[in-house]
Amino acid sequence: MTQRLNHIVPNVVVGVWLAMGFLTVQPVLAEEKAAVTAPPGSTLQSVSVSAPMVKGALPADDPNAAVWSSATMARFPMSPQVHWPNRILDATVKDLNVRALHDGTNVAILLEYADPTEDPDDSAAIEFMVGDKKAHFAHGQPMAQVEGGPVNIWYWKNKDNKGVDMNAKGFGTLKVQTHQDVKAKGTYANGTWKVVFTRPLATEHPDEDTQIATGGFINIAFAVWDGKKDVSGELKEKGSQKAVTSWWNFRAEAPPDYSSYYYAAIAVGVALGFQFVLIRKLKKGHSA
Amino acid sequence: MGPLIKLIVLNMVVYAILKFMVPNIPGSAPLPASLVFLYMMLTTSGFVIFATVSAESKEAFWGPIQRFLTGEGGGGLQALRYGVLILFPLLVGWQTYNSTAVSDAPPSENRTIHPAPPGEYTGLSNPISKTPDAIQQGKGFYAAFCSPCHGGNFDGKGPASRGFNPPPANFSDPTTIAMLQESYLFWRIKKGGVGLPIEGMPWKSAMPRWEVELPDEWIWKIILGEYDGAHQAPRTWE
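All values reported here derive from a predicted model rather than from experimental measurement.

**Some remarks on the overall build of chain A**
When its secondary structure is counted, chain A shows 2 helices and 14 strands. Burial statistics for chain A: of 288 residues in total, 45% are counted as buried. Residue pairs in contact within chain A that sit at least 24 positions apart in sequence constitute 64% of those at least 6 positions apart.

Printed below as a string of structure tokens:
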């Protein structure tokens, strides 16, 4: 008996070692597969903002709260707004870092970007589509062959230091909503703006406000204005002259779902059973 | 050489060809992992059919597999056998987890990069003669209006391109303007991103609608300058 065990144990140990070795290689193969489907250039930038669900109050007034670190930071390069006049060919803000959290009722989005000077007219905005219709990222302007919908814009300006909830459907149609659901607070330190926007995930105005259902992806875009004045006293960036991104993705994460672990455990059981039956049958077949 | 070894060697050769040789054929591209897997499955199935046509060849093929699985094969392979017996259920579990777990990736969007233009923009010929003067003028307009995004080198990497998704087209890439007619470029420049049909996802495009700012003649000259600068020629009617 002991002799038999002496034979089996080393074999089992090496077998486990071989199996584990292969399993560590497996994720590398899976990653290669993912790279094929990712959009080009995605190594340099994010494609999505993911807001994990947290317990306790959201840090609406505190961009430096520790809980922000539980959200993965997304990074989006920004372009000067060149899409329609009056355009600019160079904007101050080149990159935007975004984190987001939600507590099942409210969502908080933190924008973080470098701006060498603090100015009263420094501003930032987040844009969403409203409803099922697609909207162009430039203020929901009309499209020739597609019937577009409106956009919902959450706006913050340093001198007011509050959130403004707005809608637009085309250039020159920007309108402040009669009901304000968005709060915003900006903090400037060490050449960096940190602006936190908060709003309930769902509101009572689905025709004007974007509705955020957990688990699903929605479109998101950003804009930033450097409110610095030039020598003649004119604002460097204002109105359509700003740094922008086109549409990316946003998701408020659904509460954790462990069902895939159960399915995996059942699958391992079935596979073990299959092996057992197969080997039994093969052994019987041989001895017969 | 046993048939099993042959099968393994054959699959390794197929993998090496698909992975390292095919992408290097001019005009080809790296194959997706799923396609490589499919070809290897086909190779394996073909080999199994071939190896099991007669009773002797069937025994030569399945015999070693059966002896390996039942543990009759002898000492040296025992460790490998336990490895396989542990690995197989774990892989099944892993695959099940992957296919049922909620994906972190946003839904993929199949955007058509070059959708069909409206009828009135097909087959138009450039009314501007391709003279050195016209090309030069076109390049000047290109530098002023297009190069901030499409780049001074016509490579789509202008300083204003970085925030846009999809990125501005790279004209030096043989799969962009070299595949298109001048009339197609005329449509895309004149009507811009918002002129695209739904499959082109017009809501994402940052391409300006230049008809509100530039006369047609300038657009035609830009097209001449663009092809010349990017060292490409427009596609013509075959």
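**Concerning the interface of chain B and chain A**
Facing the 61 residues of chain B at the interface are 65 residues of chain A. Overall, the association of chain B and chain A removes approximately 5200 Å² of surface from exposure, summing both partners, and the carbon and sulfur fraction of that is 67%. Its largest share of buried area at the contact with chain A, chain B owes to Arg162(B), Val194(B) and Trp203(B), together 14% of the area lost on that side. The interface formed by chain B and chain A holds 3 salt bridges in total. Among the ionic pairs, Asp104(B) bridges to Arg251(A), the shortest N-O distance being 3.0 Å. Inspection of the chain B/chain A interface yields 16 residue pairs in polar contact (both at pLDDT 80 or more). Elements that contribute at least two residues to the side of chain B that touches chain A include exactly helix 3 (55-70), helix 4 (78-100) and helix 5 (132-150) of chain B. If you tally residues by element for the side of chain B that touches chain A, the top one is helix 4 of chain B, at 21 residues. Looking at side-chain class alone, the side of chain B that touches chain A contains 38 nonpolar, 15 polar and 8 charged residues.

**Here's the deal with the packing of aromatic side chains**
Applying the stated criterion across every chain, the model contains 22 aromatic pairs over all chains. Ring plane angle 35° and centroid distance 6.4 Å describe the contact between Tyr258(A) and Tyr261(A), whose orientation is recorded as tilted. Taking the centre distance of 5.1 Å and the plane angle of 40° together, the rings of Tyr261(A) and Tyr97(B) count as tilted. One end of the pair, Tyr261(A), is in helix 2 (residues 259-287); the other, Tyr97(B), is in helix 4, on a second chain. Judged by relative accessible area, Tyr261(A) falls into the partly exposed class, the value being 47%. Ring pairing ties together the aromatic residues Phe141(B), Phe145(B), Trp210(B) and Trp218(B), which thus form one cluster.

**As for the pairing of strand 12 (residues 217-225) of chain A**
Looking down a regular strand, the side chains alternate between one sheet face and the other. Residues and elements named next belong to chain A. Counting buried residues along strand 12, 8 of its 9 residues qualify, which places the element largely inside the surrounding structure. Examined bridge by bridge, strand 6 (residues 123-129) and strand 12 share 6 bridges and lie antiparallel to one another. The residue of strand 12 that forms the bridge with Phe 128 is Ile 220. Looking at chain direction, strand 12 and strand 14 (residues 248-252) are connected through 4 bridges and run antiparallel. Each bridged residue has a counterpart across the sheet, and for Phe 217 the counterpart in strand 14 is Arg 251. Where strand 12 lies against strand 13 (residues 243-244), 2 bridges are found, and the strand directions are antiparallel. Within the sheet, the bridge partner assigned to Val 224 lies in strand 13 and is Ala 243.

**Some points on the pattern of salt bridges**
Applying the stated criterion across every chain yields a total of 17 salt bridges over all chains. Of the charged contacts in the structure, one is a salt bridge between Asp95(A) and Arg162(B), with a shortest N-O distance of 3.5 Å. Note that Asp95(A) is positioned in strand 4 (residues 95-102) and Arg162(B) in the loop between helix 5 and helix 6 (182-191), a pairing that runs across two chains. Exposure remark for Arg162(B): the relative accessible area of 33% places this residue in the partly exposed category. Salt-bridge contacts for Lys190(B) lead to Asp216(B); the nearest nitrogen and oxygen are separated by 2.8 Å. Residue Lys190(B) is located in helix 6, and its partner Asp216(B) is located in helix 7 (residues 216-229); the two are separated by 26 residues in the primary sequence. Judged by its relative accessible area of 13%, Lys190(B) falls in the buried class. One connected set of salt bridges, linked through shared partners, spans Arg75(A), Asp95(A) and Arg162(B).

**Here we look at the packing of helix 2 (residues 33-51) of chain B against helix 3 of chain B**
Residues and elements named next belong to chain B. Closest axis-to-axis distance for the helix 2/helix 3 pair is 8 Å, and the angle between their directions is 130°. Classed by the angle they form, the pair helix 2 and helix 3 counts as oblique. Every residue of helix 3 that contacts helix 2 at Phe 47, Val 48 and Ala 51 is listed here: Ser 57, Lys 58, Phe 61 and Trp 62. Considered class by class, the residues forming the contact of helix 2 with helix 3 number 5 nonpolar, 1 polar and 1 charged.

**Overview of the domain arrangement of chain B**
Frequently, the measure chosen for interface size is the accessible area that the parts lose on association. For chain B, the assigned domains read domain 1 (3-100) and domain 2 (119-229). One C-alpha centre belongs to domain 1 of chain B, the other to domain 2 of chain B, and the line joining them spans 50 Å.

**Re the side chain of Thr70(B)**
Along the chain, Thr70(B) falls in helix 3. Judged by its relative accessible area of 5%, Thr70(B) is buried. Beyond its immediate stretch of four places on either side in the chain, Thr70(B) contacts Ile279(A), Leu282(A), Lys283(A) and Arg81(B).

**Brief notes about the environment of Gln145(A)**
Turning to its location among the elements, Gln145(A) is positioned in the loop between strand 6 and strand 7 (151-157). Looking at Gln145(A), the relative accessible area reads 41%, which means it is partly exposed. Contact partners of Gln145(A), with chain neighbours within four places excluded, come to Pro118(B), Trp187(B), Val194(B), Gly195(B), Leu196(B) and Pro197(B). Polar side-chain contacts of Gln145(A) include one of 2.9 Å to the backbone oxygen of Gly195(B).

**Description of the confidence of the model for chain A**
Across chain A, the average pLDDT comes to 89, with 88% of residues at 70 or higher. Below a pLDDT of 50 lies the segment residues 31-43 of chain A, which in the model reaches 6 contacts outside its immediate sequence neighbourhood of four places, other chains included.

**Section: unusual backbone geometry**
Here the residue pair Pro85(A) and Asn86(A) is connected by a cis peptide bond, since its omega of -5° sits within 30 degrees of zero. The topology assignment puts Asn86(A) in the loop between strand 3 (79-80) and strand 4. A cis amide bond links Asn165(B) with the next residue in sequence, Pro166(B), at an omega value of 5°. As for its placement among the helices and strands, Pro166(B) is situated in the loop between helix 5 and helix 6.

About the cut-offs
Here the residue numbers are simple positions, counted from 1 along each chain's written sequence. All chains are assigned letters beginning with A, and all ligands numbers beginning with 1, in the order in which they are written. Reporting in this predicted model follows two pLDDT cut-offs: at least 70 for local features of residues, and 80 or more for side-chain atom pairs to be given and counted; totals over whole chains, interfaces and linings ignore these cut-offs and use all residues. Side-chain calculation: all heavy atoms of the structure are included, whereas hydrogens and water are not. Helix numbering and strand numbering both begin at the N terminus, where a helix is a DSSP run of H or I of at least 4 residues and a strand a DSSP run of E of at least 2. Here the term buried applies to any residue with accessible area under 20% of the maximum for its type, exposed to any over 50%, and partly exposed to those in between, with areas from a 1.4 Å probe on protein chains only. Working rule for contacts: check all heavy atoms of both residues, and any pair within 4.5 Å makes them a contact. Reported buried area values correspond to the accessible surface (1.4 Å probe) lost by two parts on association, with both partners' losses combined. Salt bridge criterion: a side-chain nitrogen from Lys or Arg within 4 Å of a carboxyl oxygen from Asp or Glu. The definition of a polar contact used here is a pair of N or O atoms within 3.5 Å, where within protein one atom must be able to donate a hydrogen and the other to accept one, and adjacent residues in sequence count solely through side-chain atom pairs. Under the scheme applied, nonpolar residues are Ala, Val, Leu, Ile, Met, Phe, Trp, Tyr, Cys and Pro; charged residues are Asp, Glu, Lys and Arg; polar residues are all the others, including Gly. A pair of aromatic rings is counted whenever rings of Phe, Tyr or Trp (Trp by its six-membered ring) have centres within 6.5 Å, and the orientation is called stacked for planes under 30 degrees apart, edge-to-face for over 60 and tilted otherwise. Here a strand pair is declared whenever DSSP counts at least two bridges between the two strands. Angles shown run from 0 to 180 degrees and are taken between the N-to-C directions of axes, each axis being a line fitted to C-alpha atoms and, for helices, limited to the stretch in contact. Convention used here: angles under 35 degrees read as roughly parallel, angles over 145 as roughly antiparallel, angles from 65 to 115 as roughly perpendicular, and any remaining angle as oblique. Where a domain begins and ends is set by an automatic assignment or by a domain database. pLDDT measures the predictor's confidence residue by residue and takes values from 0 up to 100.

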